[in-house]
Amino acid sequence: TRPTTTQDKESYSFLFSLSQILNKNPSAKFSFSVARKKGYLSDPYKLVFVDNNLIGDSRPDQKTAKTFAVQYRFFADELNGALHADYRYYDDNWDISSNTLKLAWYQNLGMGFQLVPSIRWYSQDEAWFYQTFYTDTREDGFYSTDYRLSEYGATTYGLKLSKRFDNWSLSLSAEKYESGGSDV
């Protein structure tokens, strides 16, 4: 199913970012990016079952994606710790949109130790041409069963303990990852 001739792909991306220290304790960062791909965007290694036939993955030849992200940091003097809050929104013309939210608390414990509990939520919509299998031929000819284009959701719980030494640090971390075909 791989192309028999050379295929081209062009990719452009732009990122605009602004960071601001709001005062002694909080800071914020805002980012906006646009990415455009055009050319051969299908996956030559993926096969799709369509109307009792096995054919190659076939995707639109252009994709435009926009991403907006916000980061907020706040150091609480009285607790000797910092809140890190990150949010990211992604949207493209394949109808994939996603939301990511991560919260973490960086707690300084003294003697160079730090404890960081965190949680991250992720949700994604599926591409307009994605299906797990196709019973009929599509008029537009686009087919993909690539799970990365499907509806998806995940939650990650994390805990990290680190010890800072003079010129290096030692970390021990654990994460629990839950995922599914929709919002988790």
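Please refer to the structure higher up on the page.
Nothing here was measured: the structure is a model prediction, and the numbers come from that model. Here the residue numbering is sequential within each chain, running from 1 through the sequence in written order. Owing to the predicted nature of the model, reporting of local features is limited to residues with pLDDT of at least 70; listing and counting of side-chain atom pairs is limited to 80 or more, with chain, interface and lining totals taken over all residues. Only hydrogens and water are set aside when side-chain values are computed; all heavy atoms of the structure are taken into account.

**Observations regarding the nonpolar core**
- Throughout, nonpolar core names a set of buried Ala, Val, Leu, Ile, Met, Phe, Trp, Tyr and Cys residues whose side chains join them through atoms within 4.5 Å. Relative accessibility decides the category of a residue: with a 1.4 Å probe and only protein chains considered, values under 20% of the type maximum give buried, values over 50% give exposed, and everything between is partly exposed. Ranked by size, the top nonpolar core spans 9 residues in total: L41, A65, Y90, W94, I96, A127, F129, Y130 and L149.
- What L149 contacts, discounting residues up to four positions off in sequence, is R59, W94, I96, Q124, D125, E126, A127, F129, Y130 and S144. Any pair of residues with heavy atoms lying within 4.5 Å of one another is described as a contacting pair.

**What to know about a positive patch on the surface**
- Among the surface-exposed residues, R88, K102, R120 and K160 lie close enough to one another that they form a single positively charged patch.
- Helix and strand assignments follow DSSP, with helices taken as H or I runs no shorter than four residues and strands as E runs no shorter than two, numbered in order from the N terminus. Looking at the element boundaries, R88 is found in strand β6 (residues 81-92). Surface patches are defined over residues having more than 30% relative accessible area and no salt bridge, joining like charges when they lie within 9 Å and nonpolar side chains (Val, Leu, Ile, Met, Phe, Trp, Tyr) when within 5 Å. Accessibility throughout is a Shrake-Rupley quantity obtained with a 1.4 Å probe, and a residue counts as covered only by protein chains that appear here. Throughout this description, the term salt bridge denotes a Lys or Arg side-chain nitrogen within 4 Å of a carboxyl oxygen of Asp or Glu. Only four residue types enter the charge count, namely Lys and Arg as positive and Asp and Glu as negative; His and the chain termini do not. Charged side chains are reduced to one point each, which is NZ for Lys, CZ for Arg, CG for Asp and CD for Glu.

**Focus: the sheet that holds strand β10 (residues 169-180)**
- The sheet built from 8 strands is open, its strands ordered β1-β2-β5-β6-β7-β8-β9-β10 with antiparallel pairing. Edge strands, defined here as strands with exactly one partner in the open sheet, are β1 (9-21) and β10. Each strand of the sheet is rotated relative to its neighbour by a mean of 10°, with strand direction disregarded.
- What makes two strands pair is DSSP finding at least two bridges between them. Judged from the 10 bridges that link them, strand β7 (residues 97-110) and strand β8 (residues 113-124) form a sheet pairing that is antiparallel. Bridging from a neighbouring strand, K102 pairs with R120 of β8. The axes used here are C-alpha line fits, helices contributing only the stretch in contact, and every angle between their N-to-C directions lies in the interval 0 to 180 degrees.

**Here we look at the packing of aromatic side chains**
- Only the six-membered ring of Trp is used, alongside the rings of Phe and Tyr, when aromatic pairs are assigned; centres must lie within 6.5 Å, and planes under 30 degrees apart are stacked while those over 60 apart are edge-to-face, with the rest tilted. Scanning all chains against the criterion turns up 7 aromatic pairs.
- Residues Y122 and Y152 carry aromatic rings whose centres are separated by 6.3 Å and whose planes lie at 55° to one another, so their mutual orientation is tilted. Here Y122 is found in strand β8, whereas its partner Y152 is found in strand β9 (residues 152-164), with 30 residues between them in sequence.
- On the basis of relative accessible area, Y122 is assigned to the buried category, the value being 17%.
- Of the residues examined, Y152 reaches a relative accessible area of 25% and is grouped as partly exposed.
- A ring pair is formed by W128 and F129, whose centres lie 5.2 Å apart and whose planes are at 85°; its orientation type is edge-to-face.
- Among the aromatic residues, those joined into a cluster by ring pairs are W94, W128, F129 and F142.
- To sit over a ring, a charge needs its Lys NZ or Arg CZ within 6 Å of the ring centre and within 35 degrees of the ring normal. Of note, K163 hangs over the ring of F113, and the distance from its end group to the ring centre comes to 5.2 Å.

**Some remarks on the side chain of Q124**
- Counting through the fold element by element, Q124 comes out in strand β8.
- For Q124, a relative accessible area of 10% gives the class buried.
- Only 3.0 Å separates the side chain of Q124 from the backbone oxygen of R148, close enough to count as a polar contact.
- Nitrogen and oxygen atoms within 3.5 Å of one another constitute a polar contact, given that in protein one can donate a hydrogen and the other can accept it, and given that sequence-neighbouring residues count only through two side-chain atoms. Side-chain polar atoms of Q124 contact the backbone oxygen of S150, separated by 2.8 Å.
- Not counting chain neighbours up to four residues away, the residues in contact with Q124 comprise I96, S97, S98, R148, L149, S150, E151 and Y152.

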